[in-house]
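# A closer look at the structure
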Amino acid sequence: MGWMAAVGLGAVGGAIIEILYVWSSLTAWQQARKKARAKKRAELPSLGEYLDPVADSLVAVTRLALGAAACLLFKDQITGGMAAIAVGASAPALLRQVGTLRSLRTLPAETAPAKAGDPQEAAP
């Protein structure tokens, strides 16, 4: 897969997740309004209680960038469009996992038991 296709499809995957988040927030707002109307409350919940345009926009842009970056990173392993979208959608968790694996690579060398006659063994 070419790098432009990988970046684009990764961003699409990130966008799908953000759209689902906005949809779930709107659904929660709708349910709260219905509940308030059923109880005959004068004041209905505002949309601002469920969505924060500035913060949500920054998170959306970041998620699209992470989706694009993850697909760019794994473009040689991605075999199709749906796989690229899936990588983009799961980018934050996937990249967090990759970061964890890299830090664990050094762990065995640091925690390996000292060999007999090793100068570190005698150190207090």
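Structure first, text after, so check above.
Quick caveat, the model's predicted, so the values are computed rather than measured. (Residues numbered from 1 in each chain as written. Predicted model: local features only at pLDDT ≥ 70, side-chain atom pairs only at ≥ 80, totals over all residues. Heavy atoms only, no water.)

## Observations regarding the overall build of the protein
For the record, the criterion: Segments assigned H or I by DSSP are reported as helices when at least four residues long, segments assigned E as strands when at least two residues long, and all are numbered from the N terminus. Burial classes follow relative accessibility: with a 1.4 Å probe on protein chains only, a residue under 20% of its type's maximum area counts as buried, one over 50% as exposed, and anything between as partly exposed. Only heavy atoms matter for contacts: two residues are in contact if any of them lie within 4.5 Å across the pair. Per-residue accessibility takes into account occlusion by the displayed protein chains alone, with areas from the Shrake-Rupley method and a 1.4 Å probe.
The helix and strand tally for the protein stands at 6 helices and 0 strands. In sequence order, the protein lays out its α and β elements as α-α-α-α-α-α. Taken across its 124 residues, the protein has 20% of its residues classed as buried. Excluding contacts between residues fewer than 6 apart, the proportion of contacts in the protein whose partners are at least 24 apart in sequence is 64%. Of the accessible surface of the protein, which amounts to about 8,800 Å², a share of 66% is contributed by carbon and sulfur atoms.

## Quick word on unusual backbone geometry
Although it is not a glycine, Lys40 adopts a positive phi angle of roughly 60 degrees. Mapping Lys40 onto the fold places it in the loop between helix H1 (3-38) and helix H2 (53-73). Taking the relative accessible area as the measure of exposure, Lys40 reaches 73% and is therefore exposed.

## Section: H2
As a reminder of what qualifies: A helix is expected to reach a length of 1.5 Å times the quantity of its residues less one. Here the arc refers to the directions that run from the helix axis out to each C-beta atom.
Here H2 spans 30 Å end to end across 21 residues, near enough to the 30 Å set by a 1.5 Å rise per residue. Taken residue by residue, H2 has Asp56, Ala60, Arg63, Gly67, Ala68, Ala70 and Cys71 as its buried positions. On an axial view of H2, the arc spanned by its buried residues comes to 165 degrees, and they lie on one face. Facing away from the buried side of H2 by more than 90 degrees, the exposed set consists of Val54, Leu58 and Val61.

## Re the nonpolar core
Within soluble globular proteins, side chains that are nonpolar generally end up buried alongside one another. Note the cut-off: Take the buried residues of types Ala, Val, Leu, Ile, Met, Phe, Trp, Tyr and Cys, join any two whose side-chain atoms come within 4.5 Å, and each joined set is a nonpolar core.
Counting 7 residues, the largest nonpolar core is built from Ala6, Ala70, Cys71, Ile78, Ala84, Val87 and Ala91. Broken down by secondary-structure element, the contributors of at least two residues to this core are H2 and helix H3 (81-89).

## Points about the packing of H1 against H2
Quick note on the threshold: A fitted line through C-alpha atoms represents every axis, and for helices the fit uses only the stretch in contact; the resulting angles, taken between N-to-C directions, go from 0 to 180 degrees. Crossings are sorted by hand: turned counterclockwise from the far helix by less than a right angle, the near helix makes the crossing left-handed, and turned clockwise it makes it right-handed. Nonpolar residues are Ala, Val, Leu, Ile, Met, Phe, Trp, Tyr, Cys and Pro. Charged residues are Asp, Glu, Lys and Arg, and all others, Gly as well, are polar.
Contact geometry for H1 and H2: axes closest at 7 Å, N-to-C directions at 145 degrees. Pair H1 / H2 crosses with right-handed handedness. Contact with H1, carried on its side by Trp3, Ala6, Val7, Gly10, Ala11, Gly14, Ala15, Ile17, Glu18 and Tyr21, involves Asp56, Val59, Ala60, Arg63, Leu64, Gly67, Ala68, Cys71 and Leu72 of H2 and no other residues of that element. Residues belonging to the contact of H1 with H2 are distributed by class as follows: 13 nonpolar, 3 polar and 3 charged.

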